[in-house]
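Understanding the architecture of this molecule
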Amino acid sequence: MGPLSLDNFRKNNLSASWRVAGSEISNATYELNQSTMHARKEKTKAKKGKSSDIRAQWTDSPTQQIRRQLIEKRRKKRAAELVKLNDEVIVELENAAIERSRSVESAVLGKYSIWRKENENEKADYTVRLIRDQIIMARVYLSIAKMKNKLELYRELQSRLKESQRALGDTNSDSDLHHSAHEKMKAMGQVLSKARGQLYDCKLVTGKLRAMLQTADEQVRRMKKQSTFLSQLAAKTIPNGIHCLSMRLTIDYNLLLLEKRKFPRSENLENPSLYHYALFSDNVLAASVVVNSTIMNAKDPSKHVFHVVTDKLNFGAMNMWFLLNPPGKATIHVENVDEFKWLNSSYCPVLRQLESATMKEYYFKAENPNSLSSGASNLKYRNPKYLSMLNHLRFYLPQVYPKLDKILFLDDDIVVQKDLTGLWAVNLNGKVNGAVETCGESFHRFDKYLNFSNPHIARNFDPNACGWAYGMNIFDLKEWKKKDITGIYHKWQNMNEDRVLWKLGTLPPGLITFYGLTHPLNKLWHVLGLGYNPSVDRSVIENAAVVHYNGNMKPWLEIAMTKYRSYWTKYVKYEDPYLRNCKLKE
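So, here's what we can say about the structure. This one's a predicted model, so the numbers in the text were calculated from it and none came from an experiment.

Rules and cut-offs
- Residues numbered from 1 in each chain as written.
- Predicted model: local features only at pLDDT ≥ 70, side-chain atom pairs only at ≥ 80, totals over all residues.
- Heavy atoms only, no water.
- Helix = DSSP H or I, 4+ residues; strand = E, 2+ residues; numbered from the N terminus.
- Buried < 20%, exposed > 50% of the residue type's maximum accessible area, 1.4 Å probe, protein only.
- Contact = heavy atoms within 4.5 Å.
- Areas by Shrake-Rupley, 256 points an atom, 1.4 Å probe, with all protein chains shown as cover.
- Pairing = 2+ DSSP bridges.
- Right-handed = clockwise from strand over helix to strand, strands pointing away.
- Axes fitted to C-alpha atoms, helices over the stretch in contact; angles between N-to-C directions.
- Polar contact = N/O pair within 3.5 Å; in protein donor to acceptor, adjacent residues only side chain to side chain.
- Disulfide = S-S within 2.5 Å.
- Left-handed = near helix turned anticlockwise from the far one by under 90°.
- Core = buried A, V, L, I, M, F, W, Y, C linked by side-chain atoms within 4.5 Å.
- Expected span 1.5 Å × (residues − 1).
- Parallel < 35°, antiparallel > 145°, perpendicular 65-115°, else oblique.
- Nonpolar A, V, L, I, M, F, W, Y, C, P; charged D, E, K, R; others polar.

Regarding its fold elements, the protein chain presents 23 helices and ten strands. Every one of the 586 residues in the protein chain was classed for burial, and the buried ones make up 41%. Considering only contacts in the protein chain between residues 6 or more positions apart, those separated by 24 or more positions represent 74%. Carbon and sulfur atoms form 52% of the exposed surface of the protein chain, whose accessible area is close to 34,000 Å².

A word on the pairing of strand β2 (residues 304-310). Where burial is concerned, most of β2 is hidden: seven out of the seven residues are buried. What you see with β2 is no split at all: H304, F306, V308 and T310 on one side and V305, H307 and V309 on the other are buried throughout. When strand β1 (residues 275-280) meets β2, the two strands line up parallel, connected through six bridges. Across the sheet, F280 pairs through a bridge with V309, a residue of β2. Following the backbone out of β1, through helix α9 (residues 284-296) and into the adjacent parallel β2, one traces a crossover that is right-handed. Across six bridges, β2 lies against strand β3 (residues 331-336) in parallel orientation. The partner of V308 across the bridge, within β3, is V334. Remark: the β2/helix α10 (residues 315-324)/β3 crossover connection has right-handed handedness.

Turning to the sheet that holds strand β4 (residues 406-410), a few remarks are in order. If you trace the seven strands from one edge of the open sheet to the other, you get β3-β2-β1-β4-β7-β6-β8, paired in mixed fashion. Sheet topology places β3 and β8 (518-520) at the edges, where each strand pairs with a single neighbour. The sheet shows a mean angle of 25° between the axes of neighbouring strands, direction not considered. Packing against the sheet, α10 makes contact with β2 and β3, and its axis sits at approximately 170° to β3.

Turning next to the side chain of H490. Here H490 is to be found in helix α19 (residues 485-495). Side-chain polar atoms of H490 contact the side chain of Y396, separated by 2.8 Å. Look past the residues within four positions of H490 in its chain and what remains in contact with it is Y347, C348, P349 and Y396.

Another point: the state of the cysteines. Scanning all chains against the criterion turns up two disulfides. Disulfide pairing is shown between C244 and C582; the S-S distance is 2.1 Å. On the sign convention where negative means left-handed, the S-S torsion of about -75° between C244 and C582 marks this disulfide as left-handed. In this pair, C244 is assigned in helix α8 (residues 240-254) and C582 in the segment after α23 (577-581), connecting sequence segments 338 residues apart. By relative accessible area, C582 is classed as buried at 7%. With cysteine numbering restricted to those in disulfides and following the sequence, the protein chain has the pairing 1-4, 2-3.

What follows covers the packing of helix α4 (residues 126-147) against helix α6 (residues 181-199). One way to put it is that α4 packs onto α6 with a least axis distance of 10 Å and a crossing angle of 35°. Seen from above, α4 lies across α6 with left-handed handedness. From α4, T127, L130, I131, Q134, M137, A138, Y141, I144 and A145 reach across to α6, where they touch A181, H182, M185, M188, G189, L192, A195, R196 and L199.

Attention now goes to the nonpolar core. Among the nonpolar cores identified, the biggest contains 62 residues, and L245, L408, L420 and W568 are the most heavily contacted of them. If you tally residues by element for this core, the top one is α9, at eight residues. When sequence neighbours within four positions are dropped, the list of residues in contact with L408 reads H276, Y277, A278, L420, L423, W424, M472, N473 and I474. Among the nonpolar cores identified, the runner-up in size contains 44 residues, and F340, V400, Y470 and L477 belong to it.

Before going further, it helps to spend a moment on α9. Here α9 contains 13 residues, and its C-alpha end-to-end distance of 18 Å stays within 8% of the 18 Å for a straight helix at 1.5 Å per residue. Of all 13 residues making up α9, twelve are buried, and the element is well covered by its neighbours. Its side-chain oxygen placed 3.1 Å from the backbone nitrogen of L285, N283 serves as the N-cap of α9.

Our focus in this paragraph is the side chain of T331. Among the secondary structure elements, T331 is positioned in strand β3. A distance of 3.0 Å separates the side chain of T331 from the side chain of N268, its partner in a polar contact. Residues contacting T331, with those up to four places away along its chain left out, are P264, R265, N268, L269, H304, V305 and F306.

Strands in a sheet are paired, the pairing made by backbone hydrogen bonds, and the direction either parallel or antiparallel. An order of β5-β10-β9 is seen for the three strands of this open sheet, with the pairing classed as mixed. The open sheet has two free edges, formed respectively by β5 (414-416) and β9 (526-527), since each of these has just one partner strand. Bridge analysis of β5 against strand β10 (residues 546-548) gives three bridges, and the strand direction is antiparallel. Bridge pairing links I414 to H548 in β10.

Right, let's get into α4. For an α-helix, 3.6 residues make a turn, and residues three or four places apart therefore share a direction. Here α4 is 22 residues long and its end C-alpha atoms lie 32 Å apart, about the 32 Å a rise of 1.5 Å per residue gives. In the stretch just after α4, N149 is the one whose phi turns positive, near 60°.

A pair of packed helices can be characterised by two numbers: the angle between their axes and the separation between those axes. Put simply, α4 and helix α7 (residues 202-236) touch, their axes get as near as 10 Å, and they point 120° apart. What the angle tells us is that α4 and α7 run oblique. As α4 packs across α7, the resulting crossing turns out to be right-handed. Within the contact between the two elements, α4 uses I136, M137, R139, V140, Y141, S143, I144 and M147 and α7 uses L204, V205, K208, L209 and M212. A per-class count over the contact of α4 with α7 returns ten nonpolar, one polar and two charged.

Turning to unusual backbone geometry, a few remarks are in order. We note that N429 has phi near 55°; this positive angle belongs to a residue other than glycine. By secondary structure assignment, the location of N429 is in the loop between β5 and β6 (433-435). Positive phi values are uncommon outside glycine, yet K583 reaches one of about 60°. Relative to the assigned elements, K583 resides in the segment after α23. Using a relative accessible area of 68% as the deciding quantity, one classes K583 as exposed.

So, about the environment of Q493. With respect to the element layout, Q493 can be found in helix α19. Judged by relative accessible area, Q493 falls into the buried class, the value being 6%. Linking Q493 and C348, residues 145 residues apart in sequence, is a C-alpha distance of 9.3 Å. Residue contacts for Q493: discarding those within four places in its chain leaves P349, V350, Q353, W502 and P509.

Printed below as a string of structure tokens:
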């Protein structure tokens, strides 16, 4: 409201609680009060509007009217000066920002933006980010210069843009920049200043930036599709070293005499009092790590029996490896899945489906993709593991091992870190399958894997039921036979011939088959995610009995996550001559 003076009030109107100490007022106070009163009068005049001015023209003398017109002109002139001053202040601020870019070598590095707290760190790679911003603005002005036919400026911007791009390269930190980068950044700042002076148009620049953002979004989406395609392609291929290992071992096995192809302690294979493991794999190196890690961490290896099943192509290699690298006092036996005569299309519905023309069309020609981007989402349907009976053999454990009571199923992408004999003592409470549940998050529940729009699924299963992990499962084969688990699996597999209940894989039919028949194990028995999750806690990994590299980034592939690879490589015998000859190195 402005300065306040007691003289603005009439003293006789003050309440009894007010007391005026004196009547003398300083000149400064008097002038201040006079200016305040004048401001209030001006404000009152302004409120009267045009009607007061028109009325004054009829009542004022000619001299007063001229004076009023002069006052009005002065007021308009002053308002214009204030507006101009405001524009000049904005321009000065913008010019100051450009000057900072010109004199960048004297700037304090690390202060990329004073408004962003996360960039207050002096090691925030300010220079790299500033060069990137300059490149973006150079592209904007380059486009505008071409549009407005500013050819000289266009060539200058183009030259500086190439210099900045070469200086930046793939660098992500200031420490990796060449010493000449500062000079190039300064030169770019100067040409950007020049371009701004000649080309700046707020709407035009905004439009160009928006167009660049949309283009960048499209590029990111395209790159994500290509990345998905390439990661899936890498996941399903066999590295040269592992292929070489299998071929060399197969050749030497075929040259081996028949009497030297037998494993010792074959009498243990059907002894139900021992600890039996089922391992189905076509990867010699991966299978060797599973067996080796289990034996190295077992309290009494002599009580452990490994039943390895592979395919015809890798049967010789798998035998040869374990003949040359026997698992100490443990027992091992290798079988060929193609020799299981009972496993035929008349008995096994999934085998019948895999042999059908429609299934081959589904897996190998899904939507007939012609490019990387269109085929990325369909490559997973053509992964050979879905066509291999090794992947489906887990549903026939009592048929493969009719004399056993319990068996521990292990995937070939796991590493054992502790003694596992305690699993045989776990009370499954009449259940068939002992497994670690994976429903810590909602996306690991049944509705992720099964089609609940189908009435057969909706009627029989709870969409919020907890999923569990295949990869380390203790199975009670006695209960399996009583409850006819394989029969349940066949029933649902026949119903899914047109893939209307689930799409692919063995986990969805496993969830269905063992629904209500799975006993949850302590999570430290089996820790998952080392093949796709970069944020698995290190202490959780180190305390786990089994770690599982489920996902595309298997530890034997180049795309494996480096931070987890050592848990696997410590059990690989890199000194073995076969591995050295095939150039398999840590």
